[in-house]
Amino acid sequence: MIRLENIVKTYSDGDKSFNAVDGVTLDIADGEIYGIIGFSGAGKSTLVRCINLLEMPTSGKVFVGDKELTALSASELRSERKKIGMIFQHFNLMASRTVIKNVIFPLQYSGLTKAQMYEKAHSLLKLVGIDDKADAYPSALSGGQKQRAAIARALVSDPQILLCDEATSALDPQTTDSILKLLKKLNKELGITIVLITHQMNAVKEICTRAAVMENGRVVEENDVFNLFANPQQPVTRAFVDMTSNLSRINALIEERSPLTELKKWQCIMRFKYLERSACEALVSYLSRTYNINLNIIFGNIEIIGGNPIGGLVVIADGRPEDITAAQEYLRSINVGVEVILSA
Amino acid sequence: MPEFLNSIMPNVMKKLPDLWESTVETLEMTFISWAFIFVFGIIFGVLLTVTKKGGLLQNTAVYQILDKVINLFRAVPFIILLICLIPVSRAIVGTSIGVAGAIVPLIFGTVPFFSRQVESALAEVDPGLVEAAEAMGCSRIGIIFRVYLKESIPALARGVTITLINLIGLTAMAGAVGAGGLGNFAYVQGSQRNMNDIIYSTVVVLVVIVTLIQIIGNLVSKKSTH
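Residues numbered from 1 in each chain as written. Chains lettered and ligands numbered in written order. Predicted model: local features only at pLDDT ≥ 70, side-chain atom pairs only at ≥ 80, totals over all residues. Heavy atoms only, no water.

Participant: So what exactly am I meant to see when it comes to the interface of chain B and chain A here?
Facilitator: Note on interface size: it is often stated as the accessible area lost on association of the parts. Taken together, the contacts link 17 residues of chain B with 22 residues of chain A. The largest per-residue losses of area from chain B upon contact with chain A belong to M136, R146 and H226 of chain B, which jointly make up 38% of the total buried on that side. Taken together, the connections running from chain B to chain A amount to two salt bridges. Viewed at the interface, chain A and chain B are joined by nine residue pairs in polar contact (both at pLDDT 80 or more). Elements supplying a minimum of two residues to the side of chain B that touches chain A: α8 (127-135) and α9 (140-151) of chain B. Tallying contributions element by element places α8 of chain B first for the side of chain B that touches chain A, with seven residues. Split by residue class, the side of chain B that touches chain A holds seven nonpolar, four polar and six charged. (Contact = heavy atoms within 4.5 Å. Buried area = accessible area lost by both parts, 1.4 Å probe. Salt bridge = Lys/Arg side-chain N within 4 Å of Asp/Glu carboxyl O. Polar contact = N/O pair within 3.5 Å; in protein donor to acceptor, adjacent residues only side chain to side chain. Helix = DSSP H or I, 4+ residues; strand = E, 2+ residues; numbered from the N terminus. Nonpolar A, V, L, I, M, F, W, Y, C, P; charged D, E, K, R; others polar.)

Take a look at the structure:
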């Protein structure tokens, strides 16, 4: 659906120049929810603007559908842009127009009659759940409602692609969640391809099928979301994955010499990581019954990503050293990562 | 009532028709020139905004020339402009005196000011809105009218109010060099003949006009802010 070929975007200021996007090649399939994640300044917003050419890449090619956008004239590009909806972090609704007038904005001069425009806009406002706000001005809406209005506006010209530039970053966690659910629903019901730019790993985790991790203008890692979380390869990916889990907090506790980490004889602290799709088994009870060790769970974090459980546990294990070793061997044999963090 | 008015402003009561005529002349000068000032000011204000660095139609040459010409005209004192523009006025409207003669200098004196008002009103428009409109496939001319101008109506209304009131002040000055109007009436009939009540009466009329414009301006600005 979307193909980016070796996109470079250079900004220059006098004799200093800076590559905001530095040679990115991406393929995004039809019907996918594709995440692009990175910290501020990684170049992800610039990259997404290269898809609809709000930013003209310094070099590289952009294909959307079967058209090469980078080869189109200005007016051809304008008509292609109508097939690519976009929503923004700060919603960008027009304050002087009511919600419904904002939604029909892209339809002016489209050849539709007024009645058709309003009918279409109302059906979209119903779809996003704010049809009762049609005649309100944006200033009277909450953040979540504003983003819903913006989504309705982005969808009104029946695009095949929806670009979301930090669309949930200005919203509180609950609203973020409801907007993500809405995006997922739109993806399912309309079959629209969604590109989600974010610095919130949770957003990727919730709805994306695949994701790319960006750092310094480059895509450093790309994978389906389960594998991205289960086997992060790059330090920046690991940093993002750690943000969504509390399993690394044990390190801080040990450093602080928390009473919890004062171990007695035959005790050790271990971290289990579910690497493959194996988290459903009754691990803890099995280990204590079979190897006669006590397991005290201090942190646990298990999530469902892409339909599969993923995560891990931090436990204090209490048992004879040979039993603990045997238990570790068993865990490795069923592909659970084991790491002894501290032992007495 | 007439006796009372006669006792406090005898000279004005004798010249009531003249006062009325002067008021009409002032309003004529203001609104005829305003029609041109509005059109040119919007055009130049928009041009300044879109040709600026990073603007919709970035064009350094156009921006620099426009910017400097506007600064030049704003720097020249209006009284000097009135005199310098006599030949221009004769060439365009055929006379340099009376209401018609005042129109050309009023336009030249006020367009640069109003252009800056328009420029600053448009600068308040969130660049995100322009970006969103571009992403929707809106044309550049569409962005100018449907985003920049439409979204800045409250700020434009404030700019129009300030400019109109300024313009009325300038018509009084134009009056002093033979353009008629309240300024001329106050100077010739009042100041030069030592009839202070005539001066005061023109001030009262001007205060009423200015207040009305301010009230209407505030109303439009308030009604268009959501």
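Participant: Hey, could you run me through the sheet that holds strand β4 (residues 59-64) of chain A in this one?
Facilitator: The antiparallel open sheet is built from four strands, whose spatial order is β2-β1-β4-β5 (chain A). If you trace the sheet from one side to the other, it starts and ends with β2 (16-28) and β5 (67-68) of chain A, each paired once. (Pairing = 2+ DSSP bridges.)

Participant: Looking at this structure, I do not really get helix α6 (residues 173-190) of chain A. What am I missing?
Facilitator: Residues spaced three or four apart along an α-helix face the same direction, because each turn holds 3.6 residues. All names here are of chain A. Between its first and last C-alpha atoms α6 spans 25 Å; for 18 residues at 1.5 Å apiece the expected length is 26 Å, and the two agree. Every buried residue of α6 is listed here: T175, T176, I179, L180, L182, L183, L186 and N187. All buried residues of α6 project into a common sector of 155° when viewed along the axis, lining one side. Structural note: α6 exposes P173, Q174, K181, K188 and E189 on the side pointing more than 90 degrees away from its buried face. For α6, the elements touching its buried residues are β3 (33-37), α4 (114-128), α5 (143-155), β7 (161-165), β8 (193-198) and α7 (201-207). (Expected span 1.5 Å × (residues − 1). Buried < 20%, exposed > 50% of the residue type's maximum accessible area, 1.4 Å probe, protein only. Arc of directions from axis to C-beta.)

Participant: What should I look at first to understand the side chain of T198 of chain A in this one?
Facilitator: Residue and element names in this part refer to chain A. Following the sequence through the fold, T198 ends up in strand β8. Relative accessible area serves as the criterion here: at 2%, T198 is assigned to the buried category. The residues contacting T198, other than those within four sequence positions of it, are I36, I37, G38, K44, E166, A203 and V204.

Participant: For this particular structure, what's the right way to read helix α11 (residues 283-291) of chain A?
Facilitator: All names here are of chain A. For α11, the set of buried residues is L283, L287 and Y291. The arc enclosing the buried residues of α11, seen along the axis, measures out at 30°, which places them on a common side. Those residues of α11 that are buried are in contact with β11 (267-274), β12 (294-305), α12 (321-333) and β14 (336-343).

Participant: Would you mind showing me how to read the pattern of salt bridges here?
Facilitator: Two side chains with opposite charge may pair up if their charged atoms get near one another. Across all of its chains, the model carries 23 salt bridges over all chains by this definition. Across the pair E55 of chain A and K9 of chain A runs a salt bridge, and its minimum N-O distance is 3.6 Å. Of this pair, E55 of chain A sits in the loop between α1 (44-51) and β4 while K9 of chain A sits in strand β1 (residues 2-13), and the two are 46 residues apart along the sequence. Across the pair, K9 of chain A and E55 of chain A agree in class, each one buried. In this structure, R116 of chain B and D67 of chain B form a salt bridge, with 2.8 Å as the shortest nitrogen-oxygen distance. One end of the pair, R116 of chain B, is in helix α7 (residues 98-123); the other, D67 of chain B, is in helix α4 (residues 60-75), and 49 residues separate them in sequence.

Participant: Teacher, can you tell me more about empty space enclosed by the protein here?
Facilitator: The rolling of a water-molecule-sized probe over the atoms marks out the regions of remaining empty space. Tallying each qualifying case throughout the model produces one cavity of 30 Å³ or more. The volume enclosed by the largest cavity comes to roughly 100 Å³. Lining the largest cavity are 14 residues; nearest its centre among them are G85, M86, R153 and A154 of chain A together with M136 of chain B. Among the elements of the structure, β6 (84-87) and α5 of chain A together with α8 of chain B are those that each provide at least two residues to the lining of the largest cavity. (1 Å grid on protein atoms, 1.4 Å probe; cavity = no way out; pocket = protein on both sides within 12 Å on 5 of 7 lines; lining within 4 Å. Points joined across faces, edges and corners; volume = space filled by probe spheres on them.)

Participant: It is not clear to me how the sheet that holds β3 of chain A should be interpreted in this structure. Could you clarify?
Facilitator: Sheets are built from strands paired through backbone hydrogen bonds, the pairs being either parallel or antiparallel. Residues and elements named next belong to chain A. Judged by pairing direction, the sheet is mixed, and its six strands sit side by side in the order β6-β7-β8-β3-β9-β10 without closing on themselves. The open sheet is flanked by β6 and β10 (218-224), the only strands paired with a single partner. Recorded for the sheet is a direction-independent mean angle of 15° between the axes of neighbouring strands. Inspection of the sheet shows β6 paired to β7 by four bridges, in the parallel sense. Considered in β7, the bridge of G85 is made with L162. (Axes fitted to C-alpha atoms, helices over the stretch in contact; angles between N-to-C directions.)

Participant: Looking at this model, I keep getting lost on the pairing of β8 of chain A. Mind explaining?
Facilitator: If a strand is regular, its side chains alternate between the two faces of the sheet. Residue and element names in this part refer to chain A. In terms of residue burial, β8 counts as a mostly covered element, since six of its six residues are buried. Here β8 shows two buried faces, one formed by T193, V195 and I197 and the other by I194, L196 and T198. As defined by bridge partners, β3 adjoins β8 across five bridges and the pair is classed as parallel. Among the inter-strand pairings, Y34 is bridged to a residue of β8, identified as V195. Relative to β8, β7 runs parallel, the two being bridged by five bridges. For L163, the partnering residue across the bridge sits in β8 and is V195. Between the parallel pair β7 and β8, the chain is carried across by α6, and the sense of this crossover is right-handed. (Right-handed = clockwise from strand over helix to strand, strands pointing away.)

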